[in-house]
Protein chains: 4
Amino acid sequence: MKKNIPIGIIGAGRIGKLHISNILQNIPDFSIEIVADIAIDSLKKWAELHRIKKITDNPQDVFDNPDVKAVLICSSTDTHAEFIEKAANAGKDIFCEKPIDPDVKVIKNVLDTVEENKVKLQIGFNRRFDHNFKRVRNLVASGEIGDPHIVKITSRDPAPPPIDYIKVSGGLFNDMTIHDWDMARYLGGSQTGEVTEVYAMGGVLVDEKIGSEGNDIDTCAVVLRYENGGMAMIDNSRQAVYGYDQRVEVFGSKGVAIAENDRPNNVKFYNEKDISMDKIPYFFLERYMQSYTDEIVSFYECLREDKQPVVDGKDGLMAVVVAKAAMKSLCENRPVKITEIQFGF
Amino acid sequence: MKKNIPIGIIGAGRIGKLHISNILQNIPDFSIEIVADIAIDSLKKWAELHRIKKITDNPQDVFDNPDVKAVLICSSTDTHAEFIEKAANAGKDIFCEKPIDPDVKVIKNVLDTVEENKVKLQIGFNRRFDHNFKRVRNLVASGEIGDPHIVKITSRDPAPPPIDYIKVSGGLFNDMTIHDWDMARYLGGSQTGEVTEVYAMGGVLVDEKIGSEGNDIDTCAVVLRYENGGMAMIDNSRQAVYGYDQRVEVFGSKGVAIAENDRPNNVKFYNEKDISMDKIPYFFLERYMQSYTDEIVSFYECLREDKQPVVDGKDGLMAVVVAKAAMKSLCENRPVKITEIQFGF
Amino acid sequence: MKKNIPIGIIGAGRIGKLHISNILQNIPDFSIEIVADIAIDSLKKWAELHRIKKITDNPQDVFDNPDVKAVLICSSTDTHAEFIEKAANAGKDIFCEKPIDPDVKVIKNVLDTVEENKVKLQIGFNRRFDHNFKRVRNLVASGEIGDPHIVKITSRDPAPPPIDYIKVSGGLFNDMTIHDWDMARYLGGSQTGEVTEVYAMGGVLVDEKIGSEGNDIDTCAVVLRYENGGMAMIDNSRQAVYGYDQRVEVFGSKGVAIAENDRPNNVKFYNEKDISMDKIPYFFLERYMQSYTDEIVSFYECLREDKQPVVDGKDGLMAVVVAKAAMKSLCENRPVKITEIQFGF
Amino acid sequence: MKKNIPIGIIGAGRIGKLHISNILQNIPDFSIEIVADIAIDSLKKWAELHRIKKITDNPQDVFDNPDVKAVLICSSTDTHAEFIEKAANAGKDIFCEKPIDPDVKVIKNVLDTVEENKVKLQIGFNRRFDHNFKRVRNLVASGEIGDPHIVKITSRDPAPPPIDYIKVSGGLFNDMTIHDWDMARYLGGSQTGEVTEVYAMGGVLVDEKIGSEGNDIDTCAVVLRYENGGMAMIDNSRQAVYGYDQRVEVFGSKGVAIAENDRPNNVKFYNEKDISMDKIPYFFLERYMQSYTDEIVSFYECLREDKQPVVDGKDGLMAVVVAKAAMKSLCENRPVKITEIQFGF
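Residues numbered from 1 in each chain as written. Chains lettered and ligands numbered in written order. Predicted model: local features only at pLDDT ≥ 70, side-chain atom pairs only at ≥ 80, totals over all residues. Heavy atoms only, no water.

1. Structural notes on the packing of helix H9 (residues 178-192) of chain D against helix H12 (residues 313-332) of chain D
The description of two packed helices rests on the angle between their axes and on the distance between the axes. All names here are of chain D. The contact between H9 and H12 brings their axes to 9 Å, and the two run at 115°. Taken together, the axis directions place H9 and H12 in an arrangement best described as roughly perpendicular. For the pair H9 and H12, the sense of crossing is right-handed. Counted together, Ile178, Trp181, Asp182 and Arg185 of H9 and Asp315, Met318, Ala319, Val320, Val322, Ala323 and Ala326 of H12 form the full contact between these two elements. Looking at the contact of H9 with H12 residue by residue, the classes come out as eight nonpolar, no polar and three charged. (Axes fitted to C-alpha atoms, helices over the stretch in contact; angles between N-to-C directions. Helix = DSSP H or I, 4+ residues; strand = E, 2+ residues; numbered from the N terminus. Parallel < 35°, antiparallel > 145°, perpendicular 65-115°, else oblique. Left-handed = near helix turned anticlockwise from the far one by under 90°. Contact = heavy atoms within 4.5 Å. Nonpolar A, V, L, I, M, F, W, Y, C, P; charged D, E, K, R; others polar.)

See the structure below:
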């Protein structure tokens, strides 16, 4: 039943290297034919160590390679749309890091191209593959939670990125909350239907430079409405000094599923002062490592068995649409309907 | 240092009897001089059993009794304002169940009377005395949490009341969320300052009759803004089939304090199927019993030591003001500033 | 169905006063007719405050009082045997604090007297009524745990008593482990049958004076064998600096039930250093308060409904028998069969 | 600082393949020169897939290979002693799976050979590298727990092995408890000193064939004494139907550290019936996978930096010595001093 699928990878930065490493270790049937990266010189030693057959600084070499059946796009966001289109036109299945593009119209065009070429497209929302969140989603999907009424997502980073990064990040809603827009849709699934409306409250509470220089917010509290009338609540902060805080909850007519933070060990220490436990993980790679592997395994399996990807192009589109609605809501301090964005251009 | 304080009680329904029972058991220095209730006949046997000295069906007897130094008002909501004023004019200190009145202007007049007579007024927001919530508040007040950025309150009832009750309840925001408006103010304290703005999303997800006959909602997701720029998020449901769900969280610049539900015991049972624990308490009296005792102990202590009550008239006023703003927000589907209500009549 | 039962109480020290207070608050149908204590003078004010009808310094007044149907014996251990016999001969039902007597032969005589007079005898092993331990026992009794294979009991005091107390305490096994001998029998119940053999390891690790002056040990690790072949493990320490550590576990063919410590609240505090929770209760009354009430409620119910006590004379006997076997094991450093003690005199 | 170390591996069964896989993925500086296994034919395809340079069915090829600096011995237990001696005489550092040999005298001879050749020897007690147990050990080693008084180890397998396996396993104490004898020594460390005495209670409670055909026990409760006077308690079962139960605890003069079971996710599901969580892992490889990697990383580091192994030959010896003492204790139903075994031949 297993079959070997030759792939090409575009972009060998931190996330590209992570995927390559995971594939080499865990998915021997994904054979890496070629890796493209502009910084080809600094790549040579690494490629040799990992026995990468071919490297190039020209992405077109990947699309032109007739052996390559699928492409992983891990290059910078501004290249995603172009590379998806080229890969699709070359008839290759595609895994692309989020987001597809900041522009909703561009995304729609890209998805049309994907559809015309009848290739698969999976978007890199890795958190859908997290063991905790997947368990909650399964309890929703199985009906054990009943009709979902309230979805809650807490997502806080341990420390803010540099101001220079924030300036080009597209803002909190596109850079950080983007995962939560998708998580809200993932957890609700067909039980809640799509997000229909959003109200976003936000502020600069962590570092005033994020506002004054970055022209962004660092903290938000958001409420969403779903088609089924259910609601979601998301809160984000750029700085949780105690670590990378990642929790979700779905409350429904038959029960509630609550996912807590992972801890580095299960030890409790009782002394004269208090009972203490070690801090939660600080770094997102540490927290989500397994989910990065599992999303690529899932991509492999959907190619091998000709299934639909678990996270598809529409998911990539909708996360950006909701982000835009949230941005509009924040700016105008009013609830914004998703249709204002979705069909609003 | 201890001294005996004679008191009178108006209203011996469920909550009145609860306070009387707690006083008899735990606060011997509150001597119950007189109890007034309209249903005096059904009260006689109970009063005898509990060795209540005097009962009456005329509340005026309480105000006229020169021995009585303080009054507990546990009668129906529509009598609160009148009885507070009478007690204040009679020079007696007052403990009154929430809410003071649904009408903001009425409350303001009542508070003026209280102030003129220089008597004490404590409002029955018992949850401020809950062991979990008090611990969270203490961590905020001590500065250990730093500047509060996000306050989260989950409050879900195990089952909705009868539709007939809902019709006269004043609506979800006055009947159920009223505790959470106060909790948001309590947890934030002087660290966040007052609530300044509210956006309320709500719906009928539990029982459509609550909407069609009760003209109310049964589920809500609310975001609040504080003076310091911090935010609060409240969610309510009339029906959590798994029990009485009562949790809070305060996230700040130095850490986060998370209060989970109490469980009836600490036993974990592992078998071939899963790991299971007993359900959380179903009934609010079971969950908050100790807090009902502690609020009366606190009232006794503030009389004995001539201190300000932990929950005062302004707290009673502000909970109703925020409820009104939330109601306006829900009806007009827009964020509403507290000043629109506070000074808006 | 309810009926009033007049009782007398012998001994109004800490534990006697606790029972009286619990009865006054929670069991109105136990009417306290008379209280006997040698220190009658210091008792008068307290008795008046609690509206005790009659006090005496002569225990015989209790036995002679024809109204008194049941007696609570809360006096010092050396008087238990004598008072149980007198109460039994006077035809009164009996609740007696543990232990009945340090001498197995004396206990057997006492139990014969109780049986001849066909009165009820309940022993004050309050921990059987603890919410956590009762839940574990129920899981065993219902068969949900299957055949019990391993019972584990952790019982550690927060701090050792004064050396002078230790000198007259009867030693760790009679003073502290006495509860655990009973707990081992309670948790196993008919599923394990009786304890048949014991091996006790012990040492002086907390305070050398406990050994040199008290002639006792302060720490022990004990294994027991049950009739069904299952085993129990008990560990004790006179000093757990982090609080009063009280946990049990029953492992069987179908699963395991684990009872953890109660905590004063459910708050977790995450900061830059660690995740912390408040310490567990320090004091045994704080930890077991509810169980003290529940054991007296249970005694009342067994009188009212003419049922067997949950903890009876045989339970009182066997705890002392196992303690003696453990003492012999420790001294001779070998496993000791219970029959060596049980029938060994 | 990093340097490449060529190694050879003897035995490519389940555990040998696991180590090879971990090395290929995580320790690129351990270059696998040669793998020896008697079943060379079934190995060829696997070796090719994993790019193993050389395979042989003659272990001597490994010892004779001048490039090989270190050897991993993963063959059957009866070959360990011989292969360690050969490797030592060939001047190669050694990692050997536990146990070295069932015979204490044989082990001592082996350790002499190792010492004479001044090579390193690490024994495969992987649980020392487990994240939970290591955290507990660190709290002991740092002095935060104070003087250790009671060490507790719970180790229960999910299901018994086949009777045919049990017959040749060397018995529960050598096959299963062997990890716990080491764990007791590891957790106590220099704070407790060595184990000095053991009393073992055991029985056949899971499957009578384990007794009648396997001539073994399937359940045990053991107490150990340390040099410092502290005690350890170990319980084992061949069958915990709820999964692979692995917990430890160290109680000392300054506090207690308690390591609970790992769970597959952190989700709690509340419904009308109870609160439930997913079962703990069933399989030892799933539970201890990271520790298998970490022990080899540790071995690599001790070679690279010329340090002493974390688990050395003496640790291998002592686990077998304690197992023998426990066996003697079980047979003779009396506490047995370690010196009876250690110097008793």
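Having seen the model, we can carry on.
2. Looking at the packing of helix H6 (residues 131-141) of chain B against helix H9 (residues 178-192) of chain B
Residue and element names in this part refer to chain B. Close contact between H6 and H9 brings their axes to 8 Å; oriented N to C, the two are set at 20°. Taken together, the axes of H6 and H9 lie roughly parallel to each other. For the pair H6 and H9, the sense of crossing is right-handed. Across the interface between the two elements, Phe133, Lys134, Val136, Arg137, Val140 and Ala141 from H6 touch Met183, Tyr186, Leu187, Gly188, Gly189, Ser190 and Gln191 from H9.

3. Quick notes on the interface of chain A and chain C
With 16 residues of chain A at the interface, the matching set in chain C holds 16 residues. Approximately 1,500 Å² of surface area, both sides summed, lies buried where chain A meets chain C, with 64% of it carried by carbon and sulfur atoms. The largest share of the area that chain A buries against chain C comes from A:Tyr270, A:Ile275 and A:Met277, three residues that together contribute 37% of it. Our count for the contact surface shared by chain A and chain C stands at zero salt bridges. Among the secondary structure elements, those contributing two or more residues to the side of chain A that touches chain C are strand S13 (267-271) and strand S14 (275-277) of chain A. Here the residues of the side of chain A that touches chain C are counted per class, giving six nonpolar, three polar and seven charged. Taken together, the three bridges between S14(A) and strand S14 (residues 275-277) of chain C define a ladder with antiparallel strand orientation. Bridging from a neighbouring strand, A:Ile275 pairs with C:Met277 of S14(C). (Buried area = accessible area lost by both parts, 1.4 Å probe. Salt bridge = Lys/Arg side-chain N within 4 Å of Asp/Glu carboxyl O. Pairing = 2+ DSSP bridges.)

4. With respect to unusual backbone geometry
In this structure, A:Pro99 follows A:Lys98 across a cis peptide bond, with omega equal to -10°. Inspection of the secondary structure assignment puts A:Pro99 in the loop between strand S5 (93-96) and helix H5 (104-116). Phi at B:Lys118 is positive, roughly 55°, even though this residue is not glycine. Inspection of the secondary structure puts B:Lys118 in the loop between helix H5 (104-116) and strand S6 (121-123). Exposure remark for B:Lys118: the relative accessible area of 73% places this residue in the exposed category. Located in the positive-phi region is C:Asn215, a residue other than glycine, with phi close to 55°. For C:Asn215, the position within the fold is in the loop between helix H10 (208-212) and strand S9 (219-226). Overall, the relative accessible area of 70% leaves C:Asn215 in the exposed class. (Buried < 20%, exposed > 50% of the residue type's maximum accessible area, 1.4 Å probe, protein only.)

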